[in-house]
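Chain by chain, the residues:
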Amino acid sequence: MIKQELKEVIKKELVGVSYVCDNCKKEEESKKIPEGWVSFMSGHDEWGNDSCDSVEYLDLCSAECYIEKLNELYNDNKDYKTFEIKGDLTILFIKKLLTLIKEL
Ligand SMILES: [Zn+2]
């Protein structure tokens, strides 16, 4: 049996204070994903340990950074048939993305 006493304990834990863009490294103070940013997970599901290592959780600050990261992810993973990107895009983000694509 453990004998217990009520004691005051000072506990430290990691708390999110800002978001950093995984492409351009722009930082914005916020505890939740800033407006206009996008979050997603990428990775492949093929045989071997590298499928676990391939999983990345990314936060990007803009449609420009999204396109740049897509290019990078495509070039790094184009040989994996199961490579996927999973995440939600807001309608406003999609509009910005389509505008940029039309300009290309
Ligand atoms: Zn960025």
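Novice: Can you lay out the side chain of His44 for me, pointing to particular residues and giving the numbers?
Specialist: The topology assignment puts His44 in the loop between β3 (38-43) and α1 (50-53). Residue His44 is classed as buried on the basis of its relative accessible area, which comes to 6%. Among the polar contacts listed, one links the side chain of His44 to the backbone nitrogen of Glu46, at a separation of 3.2 Å. Dropping the residues within four chain positions of it, His44 is found in contact with Asp50, Ser51, Ser54, Tyr80, Thr82 and Phe83.

Novice: So, the sheet that holds β3: which residues are in play, and what are the values?
Specialist: Reading across from one edge, β4-β3-β5 is the order of the 3 strands in this open sheet, with antiparallel pairing throughout. Each having just a single partner strand, β4 (56-60) and β5 (84-86) make up the two edges of the open sheet. Recorded for the sheet is a direction-independent mean angle of 30° between the axes of neighbouring strands. Pairing geometry for β3 and β5, over 3 bridges, is antiparallel. Note on β5: the bridge partner recorded for Ser42 is Ile85. Against the sheet, helix α2 (residues 63-77) contacts β3, β4 and β5, and its axis sits at roughly 150° relative to β4.

Novice: Tell me about the layout of surface pockets, and name the residues and values.
Specialist: Remark: the empty space left among the atoms is shown by a probe the size of a water molecule rolled over them. Volume-wise, the largest pocket comes out at about 150 Å³. Lining the largest pocket are Pro34, Glu35, Gly36, Trp37, Val38, Ser39, Asp88, Thr90, Leu92, Phe93 and Lys96.

Novice: Any chance you could break down the side chain of Asp59 for me, citing the residues and the numbers?
Specialist: Tracing the chain through its elements places Asp59 in strand β4. Of the buried charged residues, Asp59 lacks a salt bridge, with Lys25 as the closest side chain of opposite charge at 10 Å. Apart from residues lying up to four places away in sequence, Asp59 is in contact with Tyr19, Val20, Cys21, Asp22, Ile33, Trp37, Val38 and Ser39.

Novice: Any chance you could break down unusual backbone geometry for me, citing the residues and the numbers?
Specialist: Positive phi outside glycine occurs at Lys25, with the angle close to 70°. Mapped onto the elements, Lys25 comes out in the loop between β1 (18-20) and β2 (27-29).

Novice: For the nonpolar core, give the residues involved together with the corresponding values.
Specialist: Of all hydrophobic cores here, the largest spans 16 residues; its most connected members are Cys21, Phe40, Leu60, Tyr66, Phe93 and Leu97. Of all the elements in the fold, those that place two or more residues in this core are β3, β4, α2 and α3 (91-103). Examining the composition of this core, we find that 5 residues originate from one element, α2, more than from any other. Filtering out sequence-adjacent residues up to four positions away, Phe93 remains in contact with Gly36, Val38, Ser62, Ala63 and Tyr66.

Novice: Summarise the coordination of the zinc ion; cite the residues concerned and give the values.
Specialist: The coordination sphere of the zinc ion, as far as protein atoms go, consists of Cys21 (SG), Cys24 (SG), Cys61 (SG) and Cys65 (SG), spread over 2.3 to 2.4 Å. Around the zinc ion, the 4 donor atoms are arranged such that angles at the metal cover 104 to 113°; this shape is classified as tetrahedral. Each donor residue of the zinc ion lies on one chain, and together they are spaced C-x2-C-x36-C-x3-C. With Cys24 in the loop between β1 and β2 and Cys65 in helix α2, the pair connects residues that are 41 residues apart, well separated along the chain. By relative accessible area, Cys65 is classed as buried at 6%.

Procedures and definitions
- Counting of residues starts from 1 at the beginning of each chain's written sequence and follows it residue by residue.
- The predicted origin of the model limits local features to residues at a pLDDT of at least 70 and limits the giving and counting of side-chain atom pairs to 80 or more, whereas totals for whole chains, interfaces and linings rest on all residues.
- Hydrogens are left out, water is left out, and the side-chain values use all remaining heavy atoms of the structure.
- Runs of E in the DSSP output that reach at least two residues are strands. Runs of H or I that reach at least four are helices, and both are numbered from the N terminus.
- A simple rule labels every residue: compare its accessible area, found with a 1.4 Å probe on the protein chains alone, to the largest value its type can have, and call it buried under 20%, exposed over 50%, or partly exposed in between.
- Two N or O atoms form a polar contact when they lie within 3.5 Å of each other; inside protein one atom must be a possible hydrogen donor and the other a possible acceptor, and for residues adjacent in sequence the pair counts only when both atoms belong to side chains.
- We call two residues contacting when some pair of their heavy atoms lies within 4.5 Å.
- For two strands to be treated as a pair, DSSP must find no fewer than two bridges joining them.
- Angles run from 0 to 180 degrees between N-to-C directions of axes, and those axes are lines fitted to C-alpha atoms, restricted for helices to the stretch in contact.
- For each structure, a 1 Å grid was placed over the protein atoms alone; sets of points admitting a 1.4 Å probe that cannot get out are labelled cavities, open sets with protein on both sides within 12 Å along at least five of seven lines are labelled pockets, and lining residues have an atom within 4 Å of a point.
- Grid points are joined across faces, edges and corners, and a volume is the space filled by probe spheres set on the points.
- None of His or the chain ends enter the tally, which takes Lys and Arg as positive and Asp and Glu as negative.
- The term salt bridge refers to a pairing of a side-chain nitrogen on Lys or Arg with a carboxyl oxygen on Asp or Glu at a separation within 4 Å.
- What is meant by a nonpolar core is a set of buried Ala, Val, Leu, Ile, Met, Phe, Trp, Tyr and Cys residues, joined one to another through side-chain atoms within 4.5 Å.
- Counted as coordinating are nitrogen, oxygen and sulfur atoms within 2.8 Å of the metal, or 3.2 Å for Na, K and Ca, while water is not included, which may make sites look incomplete.
- Between 85 and 135 degrees for all angles marks four donors as tetrahedral; over 155 degrees for opposite donors together with 65 to 115 for all other angles marks four donors as square planar and six as octahedral; every other arrangement is irregular.

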